[in-house]
Amino acid sequence: MIPSHRQRPALRFAPSPNGLLHLGHALSALLNADKAEALGGRLLLRMEDIDVTRCTPEFERAILEDLAWLGLRWEQPVRRQSEHFDDYRAALDALIARGLAYPAFMTRGEVKAHVAASEAQGLSWPRDPDGAPHYPPFERGLCDGERKARIAAGDRHAWRLDMGRAIEACGEPLSWTETGDGETGEIVADPAAWGDVVLWRSDAPSSYHLSVTVDDARQGITHVVRGLDLFHATSVHRLLQRLLDLPAPVYHHHRLILGTDGRKLSKSEGDTGLRELRRQGLTSTDIRRLVGL
Ligand code: GLU
């Protein structure tokens, strides 16, 4: 039997066009391509360009060129997040309507000052798996009138998930199936570790967590292959999937390629950039070898 389009395994590579690709991206892209082929599945491409100030068409063009040079073939069209803000807004509105998201007015500086003041008193402040302090809980309880008045007055705000309520609304414990290079098997999700995550940024539409969750569902992604740095974020994605009634893909978080200083590669590191390596005469076969494939 020929599987229907929706049932066919589907994978995606999802770079942000805010810089050039490096060896870490190459590993991710090639693993996606290899797995898609092994599963007889589709390979999709998504430009994660919600930050329209840092993402540029030039970087997007360069990424497409580098991926083609690596030997990747992907389905058209490429999904561009900046073309789907209405979709993310609808998801946010659904969460707001259920009382699970609230407008958050504190600036980064105010949060920092508050956390510092409380730590100065010897109180420990919870931090998320990336080490960032949880957002202070004060605005969860603002009444509707006050929220509306502040928004009407033009007060700059983000929208955050009320994590306590969201977990309660979800009802049962969440987990995901993991096949990657870290812990594998059925992983228990721990969204509470993240506190009240941002769903809609104050300086850009949507957020990573919201748009990645919506997009994986819209693109029919069955297998997410990405770096281990996003392993813990999967807890948030599973929670949003459940709240928005979206299917859960299988996850494969792969090892990271580290720089000589032992840190994650950054887009500004010329010597591990694919452009630079190509300029030096390396081939895509050399890149495969360099990333250990
Ligand atoms: N856009 C993210 C990045 O470039 C990847 C997000 C994901 O794969 O979920 O790191």
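Scroll up a little and you will see the structure.
Residues numbered from 1 in each chain as written. Predicted model: local features only at pLDDT ≥ 70, side-chain atom pairs only at ≥ 80, totals over all residues. Heavy atoms only, no water.

Right, let's get into the overall build of the chain. When its secondary structure is counted, the chain shows ten helices and ten strands. Computed over its C-alpha atoms, the radius of gyration of the chain comes to 20 Å, within 12% of the 19 Å expected for a compact globule of 293 residues. Over its C-alpha atoms, taken along the principal directions, the chain stretches across nearly 60 × 50 × 35 Å. Looking at the chain residue by residue over its 293 residues, the buried ones come to 47%. A total accessible area of about 14500 Å² is found for the chain, and carbon and sulfur atoms account for 53% of it. On the chain, the mean spot of the 37 positive side-chain charges and the mean spot of the 41 negative ones are 2 Å from each other. (Helix = DSSP H or I, 4+ residues; strand = E, 2+ residues; numbered from the N terminus. Rg over C-alpha atoms; globule rule 2.2 N^0.38 Å. Buried < 20%, exposed > 50% of the residue type's maximum accessible area, 1.4 Å probe, protein only. Areas by Shrake-Rupley, 256 points an atom, 1.4 Å probe, with all protein chains shown as cover. Lys, Arg positive; Asp, Glu negative; His and termini not counted. Charge placed at Lys NZ, Arg CZ, Asp CG, Glu CD.)

What surrounds the ligand is the set Arg12, Ala14, Pro15, Ser16, Glu48, Tyr208, Val212, Arg226 and Leu230. Arg12 is positioned with one of its side-chain polar atoms (N or O) 2.7 Å from an oxygen atom of the ligand. Between Ala14 and the ligand, the recorded distance is 2.7 Å, taken from a backbone N or O atom to a nitrogen atom. Notes on the ligand: free accessible area 300 Å², of which the protein chains cover 78%. Of the residues that constitute the shell around the ligand, the class distribution is five nonpolar, one polar and three charged. (Near = heavy atom within 4 Å. Polar contact = N/O pair within 3.5 Å; in protein donor to acceptor, adjacent residues only side chain to side chain. Nonpolar A, V, L, I, M, F, W, Y, C, P; charged D, E, K, R; others polar.)

Attention shifts here to the pattern of salt bridges. Overall, the coordinates contain 28 salt bridges when judged by the stated rule. Between Arg279 and Glu276 there is a salt bridge whose closest N-O contact spans 2.8 Å. Taken as a pair, Arg279 and Glu276 lie in helix α9 (residues 274-279) at a separation of three residues, close to a single helical turn. Residue classification places Arg279 among the exposed positions, given a relative accessible area of 62%. Across the salt bridge formed by Asp286 and Arg289, the nearest N and O atoms sit 3.3 Å from each other. Of this pair, Asp286 and Arg289 both sit in helix α10 (residues 284-290), three residues apart, which is roughly one turn of that helix. Looking at Arg289, the relative accessible area reads 55%, which means it is exposed. (Salt bridge = Lys/Arg side-chain N within 4 Å of Asp/Glu carboxyl O.)

Turning our eyes to something else, we now look at the layout of surface pockets. By volume, the second largest pocket amounts to about 160 Å³. The wall of the second largest pocket is formed by Leu30, Ala33, Asp34, Ala36, Glu37, Leu43, Leu70, Gly71, Leu72, Arg73 and Arg288. When residues in the lining of the second largest pocket are grouped by element, the largest group, five residues, is from helix α1 (residues 23-39). Its residues assigned to classes, the lining of the second largest pocket comprises six nonpolar, one polar and four charged. (1 Å grid on protein atoms, 1.4 Å probe; cavity = no way out; pocket = protein on both sides within 12 Å on 5 of 7 lines; lining within 4 Å. Points joined across faces, edges and corners; volume = space filled by probe spheres on them.)

For the rest of this paragraph, the subject is the environment of Pro77. For Pro77, the location among the structural elements is in the loop between α2 (57-70) and β3 (79-80). Given the relative accessible area of 68%, Pro77 is considered exposed. For the pair Pro77 and Leu27, spaced 50 residues apart in sequence, the C-alpha separation works out to 23 Å.

Scope: geometric values only; no functional claims are made or implied.
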